[in-house]
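The primary structure of each chain is shown beneath.
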Amino acid sequence: MSHGKQFTLYSHVTGPNGWKVAVVLEELGLTYETIYLDFKNGEHKAPEFTKYNPNGRIPALIDHRNNDYVLWESGAIIIYLIENYDPEHKVSLASAGDKLQIIQWLFFQASGQGFNHSEKLPSAIERYQKEIIRVLGVLEGVLSKTEWLVGNKCTVADLSFIHLCSTNRWNEYVDKTVEGFDNFNFEKDFPAVFAWHKRLTARASFEKVVAVRTIKQSN
């Protein structure tokens, strides 16, 4: 790569997980260039990309200062970044126990937060609605007792939940997805999660990534 920045991030304009990695890169003050793949033209399945990620999905990250080291899967990328580029623990924690709890939440977020289906099947919609409510309930149970998920500070465990989805911020997308389900009201039903989400989306890193995404979507 000739852009001179430390990282190349392969992402997608509307796909959520690349933006999540971008937020962490911003938090750590790391330089990166983003390549946005065109899914309609199959760029994520083309050999030029699958040589980096054989799974043909975003994100993938290349660290040019580490012999062009390549990682894919957002959770693995985030762990790599904090292990190698967060010596001051800006968005991580030092103790072994805290590190494992951060990884615990990264796994939980990856397995429980993202949902997408091209067809509006009633059975699928109901399943996703119930799963969203379940995930919010887990978060509410923790965040009603503490402001952050691990170590009384904002870490990547928290930041992983504010990535962007195809229409808007995921936690705001909840309102649309669960609208009409059992009289759902995000702010009323899950006040601790709602307040936590507001704290997260007020961070400068997130606001910068949102601004970039808005520009890219308008092009």
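Naming follows an unreviewed UniProt entry, where the chain appears as Glutathione S-transferase of Hermanssonia centrifuga. Its UniProt record, at the heading Sequence similarities (unreviewed entry), says of the chain: "Belongs to the GST superfamily."

Enquirer: Can you walk me through the overall build of the chain in this structure?
Expert: The helix and strand inventory of the chain stands at 10 helices and four strands. Secondary structure elements in the chain, listed N-terminal to C-terminal, are β-α-β-α-β-β-α-α-α-α-α-α-α-α. Within the chain, the proportion of its 219 residues that are buried is 45%. Contacts spanning at least 24 positions in sequence make up 67% of the contacts within the chain whose residues lie at least 6 apart.

Enquirer: I'm lost on the packing of aromatic side chains in this one. Help?
Expert: How two aromatic rings sit relative to each other is given by the distance of their centres and the angle of their planes. Considering all chains together, one arrives at 11 aromatic pairs under this definition. Centroid distance Trp105 to Phe108: 5.5 Å. Interplanar angle 90°. Geometry classified as edge-to-face. Separated by three residues within a single helix, Trp105 and Phe108 lie in helix 4 (residues 96-112), roughly one turn from each other. The class of Trp105 is buried, set by a relative accessible area of 9%. Overall, the relative accessible area of 17% leaves Phe108 in the buried class. A network of ring pairs unites the aromatic residues Phe7, Tyr69, Tyr80 and Tyr85 as a single cluster. Of note, Arg199 hangs over the ring of Trp148, and the distance from its end group to the ring centre comes to 5.0 Å.

Enquirer: Sorry, what's going on with the side chain of Glu26 here?
Expert: Inspection of the secondary structure puts Glu26 in helix 1 (residues 16-27). In terms of polar contacts, Glu26 uses its side chain to reach the side chain of Tyr32, at 2.7 Å. Aside from chain neighbours lying at most four places away, what touches Glu26 is Tyr32, Ser205, Lys208 and Val209.

Enquirer: Help me out: how do you make sense of the nonpolar core in this one?
Expert: Inside soluble globular proteins, nonpolar side chains tend to come together where they are buried. Ranked by internal contacts, the top residues of the largest apolar core, which has 49 residues, are Leu25, Leu81, Leu139, Leu149 and Trp196. Broken down by secondary-structure element, the contributors of at least two residues to this core are strand 1 (7-11), helix 1, helix 3 (74-85), helix 4, helix 5 (122-143), helix 6 (156-159), helix 9 (191-201) and helix 10 (204-218). Two domains each donate at least three residues to this core, and these are domain 1 (7-89) and domain 2 (96-206). Ranked by size, the runner-up nonpolar core spans six residues in total, among them Tyr10, Ile58, Ala60 and Ile62.

Enquirer: Any chance you could explain the pairing of strand 4 (residues 69-72) here in plain terms?
Expert: Relative to strand 4, strand 3 (residues 60-63) runs antiparallel, the two sharing four bridges. By the bridge assignment, Leu61 is partnered in strand 4 with Leu71. In sequence, strand 3 turns back onto strand 4 through a hairpin of five residues, with Asn67 there showing a positive phi of about 55°.

Basis of the calculations
Residues numbered from 1 in each chain as written. Predicted model: local features only at pLDDT ≥ 70, side-chain atom pairs only at ≥ 80, totals over all residues. Heavy atoms only, no water. UniProt positions renumbered as here; feature names shortened; annotations may be inferred. Helix = DSSP H or I, 4+ residues; strand = E, 2+ residues; numbered from the N terminus. Buried < 20%, exposed > 50% of the residue type's maximum accessible area, 1.4 Å probe, protein only. Contact = heavy atoms within 4.5 Å. Phe/Tyr/Trp six-rings, centres within 6.5 Å; stacked < 30°, edge-to-face > 60°. Lys NZ or Arg CZ within 6 Å of the ring centre and 35° of its normal. Polar contact = N/O pair within 3.5 Å; in protein donor to acceptor, adjacent residues only side chain to side chain. Core = buried A, V, L, I, M, F, W, Y, C linked by side-chain atoms within 4.5 Å. Domains from an automatic or database assignment. Pairing = 2+ DSSP bridges.

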